[in-house]
Amino acid sequence: MRWKILPISACMAGIGLLALVIGCFLPWSRSGNVLRNSYQSLGLLRHFELFDNGPLDVFLGVWIAIAPVAALCIALFALRLRRTAAGLLVILSILTGTPSAIATVQPTNEEALIGLANSGPVTTVLGSIVAFLGAIGIFLGHRLRRQTMATRKARAGVNR
């Protein structure tokens, strides 16, 4: 039985991408009994103008593009542009995984009125890790496939 890295890596990337997007819609913060997802939480940060035209303000603007970029990755996979999709997925994984990892390691106080919820950041960081590993596997799979094809051509006596 021949083990193929590309289909497994593509499945990992897809599952990670799905978990990453779902994690953005799960609760990230809580205020009293109200749970807010990442988009609502970032909207509150903008409303209270906690970031004044700095790099974090740009990042807050980019965060809303997670779902469209994920859809673009899926479309690129469907069009068999796997390496392009994997490259975009690596960038998306890093941009979403970093803040979700930071939110995950923050201590939570269940008795406080305002705080962080764990389900959204944890799901997003796990999805980012799986998607990142899947994207790296796609790059490695293409490299191995190219080397295998070159070896087969050399054995057949067809060199270019």
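Residues numbered from 1 in each chain as written. Predicted model: local features only at pLDDT ≥ 70, side-chain atom pairs only at ≥ 80, totals over all residues. Heavy atoms only, no water.

1. Comments concerning the environment of F25
Under the convention used in this document: Each helix corresponds to a stretch of at least 4 residues labelled H or I by DSSP, and each strand to a stretch of at least 2 residues labelled E; elements are numbered beginning at the N terminus. Only heavy atoms enter the contact rule, under which two residues are in contact if any of them lie within 4.5 Å.
Along the chain, F25 turns up in helix 1 (residues 5–25). Spatially, the C-alpha atom of F25 lies 23 Å from that of P55, the residues being 30 residues apart in sequence. Leave out the neighbours within four places in its chain, and F25 touches N37 and Y39.

2. Things to note about helix 3 (residues 55–63)
Side chains three or four residues apart in an α-helix point the same way, a direct result of the helix having 3.6 residues per turn. Worth spelling out the cut-off: Burial classes follow relative accessibility: with a 1.4 Å probe on protein chains only, a residue under 20% of its type's maximum area counts as buried, one over 50% as exposed, and anything between as partly exposed. In this context, the arc is that of the directions from the helix axis out to the C-beta atoms.
Taken residue by residue, helix 3 has D57, L60 and W63 as its buried positions. All buried residues of helix 3 fall inside an arc of 115 degrees around its axis, so they share one side. Opposite the buried face of helix 3, at more than 90 degrees from it, the exposed residues are P55 and V58. On its buried side, helix 3 packs onto helix 1, strand 1 (27–31), helix 2 (38–47), helix 4 (66–78) and helix 5 (82–105).

3. Details of the packing of aromatic side chains
How two aromatic rings sit relative to each other is given by the distance of their centres and the angle of their planes. Threshold: We call Phe, Tyr and Trp rings a pair once their centres come within 6.5 Å, taking the six-membered ring for Trp, and we label the pair stacked below 30 degrees between planes, edge-to-face above 60, and tilted otherwise.
Taken as a whole and assessed by the stated rule, the structure comprises 2 aromatic pairs. Ring centres of F25 and Y39 lie 5.1 Å apart, and the angle between their planes is 50 degrees; on these two criteria the pair is classed as tilted. Residue F25 is located in helix 1, and its partner Y39 is located in helix 2; the two are separated by 14 residues in the primary sequence. With relative accessibility at 46%, the residue F25 sits in the partly exposed group.

4. A word on a positive patch on the surface
Keep this limit in mind: Residues qualify for a patch when their relative accessible area is over 30% and they have no salt bridge, like charges being joined within 9 Å and the nonpolar side chains of Val, Leu, Ile, Met, Phe, Trp and Tyr within 5 Å. Reported accessibility uses the Shrake-Rupley method at a 1.4 Å probe radius. Residues are deemed covered only where the shown protein chains occlude them. The term salt bridge refers to a pairing of a side-chain nitrogen on Lys or Arg with a carboxyl oxygen on Asp or Glu at a separation within 4 Å. Think of it this way: Lys and Arg go in the positive column, Asp and Glu in the negative one, and His and the chain ends go nowhere. Lysine's charge is taken at NZ, arginine's at CZ, aspartate's at CG and glutamate's at CD.
Taken together, the side chains of R80, R83, R143, R145 and R146 make up a positively charged region of the molecular surface. Broken down by element, the residue count for the positive patch peaks at 3 residues, all from helix 6 (residues 119–156). Take R146: it is sitting in helix 6.

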